[in-house]
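# Secondary and tertiary structure notes
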Number of protein chains: 2
Amino acid sequence: MEYQVGLLDVDLCGPSIPKMLGLEGQDIHQGNLGWSPIYLDSNLGIMSIGFMLPNPDDAVIWQGPRKNALFKRFLKDVDWGEIDYIVIDTPPGTSDEHISAVQYVQTTGINGVIIVTTPQQVSLIDVRKERSFCKTVGLRVLGVVENMSGLRQSVSDFTEVFDSSKGGAEEICEEMGVPFLGKVPMDPKLCKSADEDRSCFLDQQSAAGAARALKRIIEKVVTEE
Amino acid sequence: MEYQVGLLDVDLCGPSIPKMLGLEGQDIHQGNLGWSPIYLDSNLGIMSIGFMLPNPDDAVIWQGPRKNALFKRFLKDVDWGEIDYIVIDTPPGTSDEHISAVQYVQTTGINGVIIVTTPQQVSLIDVRKERSFCKTVGLRVLGVVENMSGLRQSVSDFTEVFDSSKGGAEEICEEMGVPFLGKVPMDPKLCKSADEDRSCFLDQQSAAGAARALKRIIEKVVTEE
């Protein structure tokens, strides 16, 4: 099924979505109904501060309140059209962007949160904090994705990088009682396709491993919704 | 030479320093002259919100102004003693923590900033932004460290993970005219020693590769100062 999706990048200090989707240098236009998102495909509209900077090297040196004001405009002043889902990509943490997301979007209903982590203990501490944030503000955790689970160079060649002998994301999910969505290996070809603005799903060159892992995760999320 | 060093972790939403230094569960004490840092060694005092949370899983759900107020207290109300250097570890970005660091510390003189990145294009975009931030606020860039430069499993076994065919951090440094401090490989043994609170410098088990790379970088920074 084809969904109509909006993708909102609220990492205002380090927006990566334009680069990763090959949309660098695109400009936002003001239409009658507000700012128009940039469309990658007819069913995927994207909004990011990366489209609004005169120079891509410019730093956005803003404190919380100013970031929150732009976030609000991204929701109110953008002509998202009729969309089934809006995916909000936040920077790490439990601060302005996350509090704003809850405040501004909760009235329309938030399906839930996907937490992305790496396998080592130092990162899993933050998964517990994100989970505690979700509990406090009343958000459902749709699940946890373990990224950079190890290095996959071919189907048979997998190397562990971060130590998971004390249990990785899967174990912490069991303990917290939230769904584990899957592991995404580090994959040199996936990194290359992101840097070169190619979709890892369409790209024959991209490793089957990481693309397949991502596809399984997406299917899990969409099916369980 | 032995320096007296203070280490201030201002990643309030995701403090990693206590875990990485094996100081989890330590409590901050209030002395006559203010909060006492936790000492790892007689010449290394550490301050982190991680020492102040009743439960390590708790999320710190604070907006910018409240984060800035605690940052100020970490500088004013902590009895740092006579120190030669204070190292401030910030989260990524160019927002509250970074603006506060400049505002609160600049009068005492800031030697400069070390930018840590990974090799791929998507991260190097942010290096340019950090550099632009430093220019705007008048801070010197001491140099750039490239972390996760590839996977090193033994002296002879090195695998590139992120694509650096378009140039990694070294090339961007040349272009920007800032010092390149060195590359730190991904090293399963380094990750393990960080997770298990062991110093990679003292630890015989830890890979010589990453520890040696880190040592060279430290020497470069201290010598050039």
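Quick summary incoming for the structure in this document. For clarity, every value in this text was computed on a predicted model and none was experimentally measured.

### Brief notes about the sheet that holds strand 4 (residues 38-41) of chain A
Residue and element names in this part refer to chain A. Spatial strand order, 4-5-1-6: four strands in an open sheet with mixed pairing. Across the chains shown, the open sheet's two edge strands, defined by having one partner strand only, are strand 4 and strand 6 (85-89). Neighbour-to-neighbour, the strand axes of the sheet open up by a mean angle of 25°, direction not taken into account. Sheet topology note: the strand 1 (residues 5-9)/strand 6 ladder contains five bridges and is parallel.

### Structural notes on a nonpolar patch on the surface
Residue and element names in this part refer to chain A. Residues F201, L202, I218 and V222 make up a contiguous nonpolar surface patch of roughly 390 Å² in combined accessible area. Assignment of secondary structure puts F201 in the loop between helix 6 (188-195) and helix 7 (208-224). Of the residues examined, F201 reaches a relative accessible area of 42% and is grouped as partly exposed.

### A few points about the pairing of strand 10 (residues 180-186) of chain A
In summary, the side chains of a regular strand alternate between the two faces of the sheet. All names here are of chain A. In terms of burial, strand 10 is largely enclosed, as six of its seven residues are buried. Summarising the sheet, strand 8 (residues 141-154) and strand 10 pair through five bridges and their orientation is parallel. In the sheet register, N147 faces strand 10, and the bridge partner there is V184.

### Topic: the packing of aromatic side chains
The relative placement of two aromatic rings is captured by the distance of their centres and the angle of their planes. All names here are of chain A. What the rule picks out here adds up to six aromatic pairs over all chains. Ring geometry for F71 and Y104: centres 5.8 Å apart, planes at 90°, overall edge-to-face. Of this pair, F71 sits in helix 2 (residues 64-76) while Y104 sits in helix 3 (residues 96-105), and the two are 33 residues apart along the sequence. Judged by relative accessible area, which is 2%, F71 ranks as buried.

### Here's the deal with the interface of chain B and chain A
With 50 residues of chain B at the interface, the matching set in chain A holds 50 residues. For the pair chain B and chain A, the summed buried surface comes to about 4,300 Å²; carbon and sulfur atoms form 58% of the total. Looking only at chain B, the three residues that lose the most surface to chain A are I61, K129 and D195 of chain B, adding up to 15% of its buried area. For the interface between chain B and chain A, the tally reads four salt bridges. Measuring nitrogen to oxygen at the nearest pair gives 3.9 Å for the salt bridge that ties D57 of chain A to R128 of chain B.

### A look at the sheet that holds strand 6 (residues 85-89) of chain B
All names here are of chain B. The strand order across the open sheet built from four strands is 4-5-1-6, with neighbouring strands paired in mixed fashion. The strands lining the two open edges of the sheet, one partner per strand, are strand 4 (38-41) and strand 6. Within the sheet, the average angular offset between the axes of one strand and its neighbour, ignoring direction, is 25°. As defined by bridge partners, strand 4 adjoins strand 5 (residues 44-48) across three bridges and the pair is classed as antiparallel.

### With respect to the relation of the copies chain B and chain A
If you rotate chain B by 180° and push it 0.0 Å along the axis, it lands on chain A with an RMSD of 0.0 Å. Here the copies are linked by what is in effect a two-fold axis. Proximity to the rotation axis, assessed at the C-alpha, singles out G64 of chain B in chain B; its C-alpha lies 2.5 Å from the axis. Here 100% of the contact residues of chain B are again contact residues in chain A; the copies associate through an equivalent surface.

### Quick word on the pattern of salt bridges
Following the criterion strictly, the structure yields 14 salt bridges over all chains and no others. Taking the shortest distance from any N to any O, the salt bridge between E97 of chain A and K67 of chain A comes out at 2.8 Å. Highlighted residues: E97 of chain A in helix 3 and K67 of chain A in helix 2, separated in sequence by 30 residues. Exposure class is identical for E97 of chain A and K67 of chain A. Each is buried. The salt bridge partner of D77 of chain A is R73 of chain A, with a shortest N-O separation of 2.7 Å. Using a relative accessible area of 27% as the deciding quantity, one classes D77 of chain A as partly exposed. The exposure class assigned to R73 of chain A is partly exposed, which follows from its relative accessible area of 39%. Here the salt bridges share partners, and the residues they tie into one network are D57 of chain A together with R128 and E175 of chain B.

Conventions we followed
Residues numbered from 1 in each chain as written. Chains lettered and ligands numbered in written order. Predicted model: local features only at pLDDT ≥ 70, side-chain atom pairs only at ≥ 80, totals over all residues. Heavy atoms only, no water. Pairing = 2+ DSSP bridges. Helix = DSSP H or I, 4+ residues; strand = E, 2+ residues; numbered from the N terminus. Axes fitted to C-alpha atoms, helices over the stretch in contact; angles between N-to-C directions. Patch = residues over 30% accessible without salt bridge, like charges linked within 9 Å, V, L, I, M, F, W, Y side chains within 5 Å. Areas by Shrake-Rupley, 256 points an atom, 1.4 Å probe, with all protein chains shown as cover. Salt bridge = Lys/Arg side-chain N within 4 Å of Asp/Glu carboxyl O. Buried < 20%, exposed > 50% of the residue type's maximum accessible area, 1.4 Å probe, protein only. Phe/Tyr/Trp six-rings, centres within 6.5 Å; stacked < 30°, edge-to-face > 60°. Contact = heavy atoms within 4.5 Å. Buried area = accessible area lost by both parts, 1.4 Å probe. Least-squares fit on C-alpha atoms with pLDDT ≥ 70 in both.

Function cannot be inferred from these measures alone, as they are strictly geometric.
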